[in-house]
Amino acid sequence: MRREIRAEPYRIKMVEPMTLPSRERRVARMVEAGYNPFSLRSRDVYIDLLTDSGTGAMSDLQWAALLSGDESYAGSDSFYRLEQAVQAVMGFRHVIPTHQGRGAENVLLSTLMPEGGKLVPNNMHFDTTKAHVLHKRGEPVDLPVPVAYSPSVRQDFKGNMDSEALESLLSRRRADVPLIIMTLTCNSGGGQPVSMANLREVSQIAGRYGVPFFLDACRFAENAYFIKEREPGYAACSIGQIVREMMSYADGCTMSAKKDALVNIGGFLATNDPALYRQATVWAVLFEGFPTYGGLAGRDMEAMAQGLYEVIDEEYLADRIGQVAYLAERVRLAGAPIVEPPGGHAVYIDAGALLPHLKPYEFPGWAMSVALYIEGGVRAVEIGTVLAGRKAGTGEHDHPRLELLRLAVPRRVYTHRHMDAVGDAVAAVVEKKRQLPGLFFTYEAPVLRHFTARFGTLQEWPG
Ligand code: F0G
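None of the values given here were measured: they were computed from a predicted structure.

(A) Structural detail: unusual backbone geometry. For the bond from leucine 184 to threonine 185, the omega torsion is -20°, close enough to zero to count as cis. Secondary-structure assignment places threonine 185 in the loop between β5 (180-183) and α7 (196-209). With an omega of -15°, the peptide bond running from glutamate 340 to proline 341 counts as cis. Residue position: proline 341 is located in the loop between α12 (314-333) and β9 (346-350). You will see that arginine 412, though not glycine, has its phi angle at about 65°, which is positive. As for its placement among the helices and strands, arginine 412 is situated in the loop between β12 (404-408) and α16 (416-431). Positive phi is not limited to glycine here, since leucine 448 has a value of about 45°. Relative to the assigned elements, leucine 448 resides in the loop between β13 (439-443) and α17 (449-452).

(B) Quick look at the domain arrangement of the protein. Once the domains are mapped, the protein shows domain 1 (23-52 + 313-457) and domain 2 (60-310). Listed per partner, the contact involves 25 residues of domain 1 and 28 residues of domain 2. Buried area between domain 1 and domain 2, summed over both chains or domains, comes out near 2,300 Å², and the portion from carbon and sulfur atoms is 54%. The interface formed by domain 1 and domain 2 holds seven salt bridges in total. Of the charged contacts, one joins glutamate 340 and arginine 154 as a salt bridge, the two residues approaching to 2.6 Å between their closest N and O atoms. If you look at where domain 1 meets domain 2, you find 15 residue pairs in polar contact (both at pLDDT 80 or more). Secondary structure elements with two or more residues in the side of domain 1 that touches domain 2: α12 and β9.

(C) The pattern of salt bridges, seen in detail. A complete count under the given rule lists 27 salt bridges for this structure. For lysine 13, the salt bridge is made with aspartate 60, and the minimal N-O distance between the two is 3.9 Å. With a gap of 47 residues between them, lysine 13 in the segment before α1 (23-32) and aspartate 60 in helix α2 (residues 60-66) connect regions that are remote in the sequence. Between aspartate 52 and arginine 411 there is a salt bridge, and its shortest N-O distance comes to 2.9 Å. One end of the pair, aspartate 52, is in the loop between β1 (47-48) and α2; the other, arginine 411, is in the loop between β12 and α16, with 359 residues separating them in the sequence. On the accessibility criterion, aspartate 52 (1% relative accessible area) is buried. Each of Asp52, Arg219, Glu222, Asp260, Arg320 and Arg411 takes part in one network of salt bridges that share partners.

Calculation notes
Residues numbered from 1 in each chain as written. Predicted model: local features only at pLDDT ≥ 70, side-chain atom pairs only at ≥ 80, totals over all residues. Heavy atoms only, no water. Helix = DSSP H or I, 4+ residues; strand = E, 2+ residues; numbered from the N terminus. Domains from an automatic or database assignment. Contact = heavy atoms within 4.5 Å. Buried area = accessible area lost by both parts, 1.4 Å probe. Salt bridge = Lys/Arg side-chain N within 4 Å of Asp/Glu carboxyl O. Polar contact = N/O pair within 3.5 Å; in protein donor to acceptor, adjacent residues only side chain to side chain. Buried < 20%, exposed > 50% of the residue type's maximum accessible area, 1.4 Å probe, protein only.

Right under this line is the structure:
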């Protein structure tokens with residue numbers, strides 16, 4: 001039985017003071033930043049929901065573990081502690097540390113797709129995975145279940161892969177598919193979980209066609225919690241058992257430890273395949289570092305190892321996912337539609353639906369991110385037209401199906417009262433929604449334009 005959680009399952013030993021800048025200052029800072037929240041200094045942000053990646057708080061045991069870091073170039077004890085943690089928690093035999101998740105993606109894809117022209121199926125690629133596939137001259141193929149594109153439909157496992165579409169792709173193009181990836185949870189689809197049944201099915205298909213099957217395991221523990229809560233047959237299993245079963249269906253995983261290993265930097269590639277491991281170490285040495293440190297300090301590996309044990313604690317996960325659900329409820333009450341049901345790490349506001357007077361080329365998600373900062377000092381990230389960029393052929397905006405604003409919740413950092421303040425900020429934005437103006441570029445970089453763009457507003461910003 002799930003225990004009732006009444007409050008955060010930790011108490012606070014150290015605090016980091018922060019303050020809500022005045023409205024006047026927020027407006028001035030946003031104008032200076034060219035209406036781009038990425039260009040704000042963090043000291044001017046009150047509640048920072050830009051990402052849940054590398055922004056979490058470490059536990060006392062993780063801070064203590066830092067002091068036992070073995071900083072040897074080769075054969076560091078800290079590496080072996082990390083390897084042991086990955087073996088115990090995930091069940092993968094071989095581990096290569098990397099500086100973060102995209103480092104592991106680079107090593108894996110360099111190993112499995114040395115030649116271009118290959119197709120990589122995924123439930124939905126995260127941006128960095130997609131960029132690495134494209135960099136290797138491959139083609140990322142998103143194969144989510146169709147309901148993934150219906151934000152208001154509540155279903156338990158909207159992160160699932162469309163297994164029929166996968167089977168159909170493999171039956172036609174097997175020779176062109178060097179690996180299959182499943183992203184847990186599905187970040188680009190709203191942080192939605194993947195079911196055990198779907199993992200099993202995709203694993204069987206991969207096995208039948210002899211294609212390596214890897215997990216993008218950034219948020220594996222959050223995914224396991226949803227399986228326990230929602231999938232028949234798993235309520236009595238521990239999170240540890242569920243995680244090991246999830247991983248047992250794959251040949252290995254890439255991991256951004258900045259999420260579910262509860263650290264501020266780090267990642268790894270893990271696999272059970274000794275031949276693949278040997279090949280991958282060659283690329284790891286080139287891109288990341290010697291295979292027993294992979295671009296990390298020994299102390300980083302110590303904190304990661306400890307984080308992997310902590311993240312599968314059910315009480316931690318109930319609080320974590322409960323906090324995201326609480327924020328979702330606050331946002332709904334404030335009158336903003338969200339991607340339903342809320343995912344594990346973030347609430348995604350359907351800005352396109354909230355601001356129907358703004359056309360996609362007037363950037364409704366981005367306008368909402370500016371408004372949220374001005375109204376409440378809250379920073380969030382647009383997942384819409386600005387992020388999507390332009391089409392290679394025509395140079396037109398590559399409008400995605402949804403114009404979203406993601407409120408990502410850092411782990412163990414904010415309390416429910418912070419979430420109340422975010423809810424109030426959303427309510428203030430909803431009150432002014434009809435007056436919010438669209439935006440246009442005054443500076444646009446040719447790639448990854450969202451990071452450095454500057455904007456003007458089509459009308460005066462409402463006071
Ligand atoms: N895969 C997924 C699903 C991710 O969400 C991320 C990062 C990565 C891979 C890359 O990991 O940042 O350690 O190199 N997501 C962050 C975010 C940046 O805000 O969602 P990394």
